[in-house]
Amino acid sequence: MSPSAILSGMLLGYGAAIPIGPVNVEIARRTLRGGFFAGAVFGLGAVTVDMTYAVVSSLGVRPLVGNRPVMLTLAVGGIALLIYLGVMSLRAAWKSRAADPQAILSAVPPPTLHGGYVTGLLMTLLNPITLAFWFLVVPATTLETGRDVSRDLPAICLGVFIATISWVIGFSTLLTYLGRFGRATWIVVADAVGGIVLLGFAAAAIWRTVG
């Protein structure tokens, strides 16, 4: 594999992973509430979908992006999931607004790693933007740089995997560290801001779907 192709993939991966989005919002919320593994396992669910799409994209199969019924189904499912998570986040923030910090911490439910992984899987699977990234952006980037797609696309996908998995681990580790200082306050802030951001993404998705 070409080192330059792997590096290109890493740049793409960090470009996709670092900006604020539903996955990062949920990683933050789950890490602060349940610890490192709660956030990291959720992120691994998202990475699993990324790598599945990477393999399919590497094989040159791109039938889903232009299929209107498939994209509409994904959009509706994704919107429903974002609204649900957003409402639950705001509800948790509202319940904690006047609570004692110790009461907030004692009310945090134990993390369910399996549930977190599945939610991360579904959130990424139901995101049409993820499909567009893997089946349009990555191949187009490969072609624009004059690379041999059949030879270099797997290396680019590997680079994206390295970037996304390192981001998930690094981000979860940072939030675990921050959670040591005023964790109860961080939880309330993450729930409130996270709920608003998730509902904002849901509204944007509705606008793109209807428009």
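Q: Looking at this structure, I do not really get the overall build of the chain. What am I missing?
A: Within the chain, the secondary structure is distributed over nine helices and zero strands. Expressed as a percentage of the 211 residues in the chain, the buried residues total 41%. Relative to all contacts within the chain whose residues are 6 or more apart in sequence, the contacts with residues 24 or more apart total 89%. For the chain, the exposed surface amounts to about 10,800 Å²; the carbon and sulfur share of it is 73%.

Q: Got a minute to help me understand a nonpolar patch on the surface in this structure?
A: Together, Ile 83, Tyr 84, Val 87, Met 88, Ile 206 and Val 210 make up an exposed nonpolar region whose accessible area comes to about 530 Å². Listed by contribution, the elements that provide at least two residues to the nonpolar patch are α4 (68-96) and α9 (183-210). Turning to its location among the elements, Met 88 is positioned in helix α4.

Q: Can you walk me through the pattern of salt bridges in this structure?
A: Any two side chains of opposite charge can pair, given that their charged atoms come close. All told, the structure shown has four salt bridges when counted by the stated rule. Note that Asp 191 is salt-bridged to Arg 29, the shortest N-O span being 2.8 Å. In this pair, Asp 191 is assigned in helix α9 and Arg 29 in helix α2 (residues 22-34), connecting sequence segments 162 residues apart. When sorted by exposure, Asp 191 lands in the same class as Arg 29, which is buried. When the shortest N-O distance is used, the salt bridge between Arg 33 and Asp 191 registers 2.6 Å. Of this pair, Arg 33 sits in helix α2 while Asp 191 sits in helix α9, and the two are 158 residues apart along the sequence. Judged by relative accessible area, which is 1%, Asp 191 ranks as buried. One salt-bridge network, held together by shared partners, links Glu 26, Arg 29, Arg 30, Arg 33 and Asp 191.

Q: Teacher, can you tell me more about the packing of aromatic side chains here?
A: Remark: the centre distance and the inter-plane angle together describe each pair of aromatic rings, the angle taken between the planes. Using the criterion set out here, one finds three aromatic pairs in the structure. Pairing Phe 36 with Phe 37 gives two aromatic rings, centres 5.2 Å apart and planes at 80°, and the pair type is edge-to-face. Seen in terms of ring centroids, Tyr 177 and Phe 181 are 5.3 Å apart; in terms of plane orientation they differ by 70°. Their pairing is edge-to-face.

Q: I would appreciate a short explanation of the packing of α2 against helix α6 (residues 113-125) in the present structure.
A: To characterise two packed helices, one gives the angle between the axes of the helices and the distance between these axes. Their axes nearest at 10 Å, the elements α2 and α6 cross at an angle of 165°. In terms of axis orientation, α2 runs roughly antiparallel to α6. For the element pair α2 and α6, the recorded crossing hand is right-handed. In contact with Pro 22, Val 23, Glu 26 and Arg 30 of α2, α6 contributes Gly 116, Thr 119, Met 123 and Thr 124. When its residues are assigned to classes, the contact of α2 with α6 shows three nonpolar, three polar and two charged.

Q: Honestly, the side chain of Thr 130 in this entry has me stumped. Any pointers?
A: Position of Thr 130 among the secondary structure elements: in helix α7 (residues 128-144). Judged by relative accessible area, which is 10%, Thr 130 ranks as buried. When residues no more than four places from it in sequence are discounted, the contact partners of Thr 130 are Asp 50, Tyr 53 and Thr 124.

Conventions and cut-offs
Sequence positions are assigned chain by chain, starting from 1 and proceeding in written order. Whole-chain, interface and lining totals are the exception, using all residues; otherwise, since this is a predicted model, local features are given only for residues with pLDDT of at least 70 and side-chain atom pairs are given and counted only at 80 or more. The basis for the side-chain values is all heavy atoms of the structure; hydrogens and waters are excluded. Secondary structure is summarised from DSSP: a helix means a run of H or I of at least four residues, a strand means a run of E of at least two, and numbering begins at the N terminus for each. Think of it in three bands: with a 1.4 Å probe and only protein chains considered, a residue is buried below 20% of the maximum accessible area for its type, exposed above 50%, and partly exposed in between. We call two residues contacting when some pair of their heavy atoms lies within 4.5 Å. Methods summary: accessible areas were calculated by the Shrake-Rupley approach with a probe of 1.4 Å, and residue burial reflects only the protein chains presented. Put simply, a patch holds well-exposed residues, over 30% relative accessible area, that have no salt bridge, with like charges counted together within 9 Å and Val, Leu, Ile, Met, Phe, Trp or Tyr side chains within 5 Å. Between Lys or Arg on one side and Asp or Glu on the other, a salt bridge is scored when a side-chain nitrogen of the former is within 4 Å of a carboxyl oxygen of the latter. Note on ring pairs: Phe, Tyr and Trp rings are taken, using the six-membered ring of Trp, and paired if centres are within 6.5 Å. Classes follow the plane angle, with under 30 degrees stacked, over 60 edge-to-face and the rest tilted. Axes, fitted as lines to C-alpha atoms, cover a helix only where it is in contact. Angles between the N-to-C directions of the axes lie from 0 to 180 degrees. Roughly parallel means an angle under 35 degrees; roughly antiparallel, over 145; roughly perpendicular, 65 to 115; everything else is oblique. For any pair of crossing helices, the crossing counts as left-handed if the nearer helix is rotated counterclockwise from the farther one by less than a right angle, and right-handed if it is rotated clockwise. Each residue gets one label: Ala, Val, Leu, Ile, Met, Phe, Trp, Tyr, Cys and Pro are nonpolar, Asp, Glu, Lys and Arg are charged, and the others, such as Gly, are polar.

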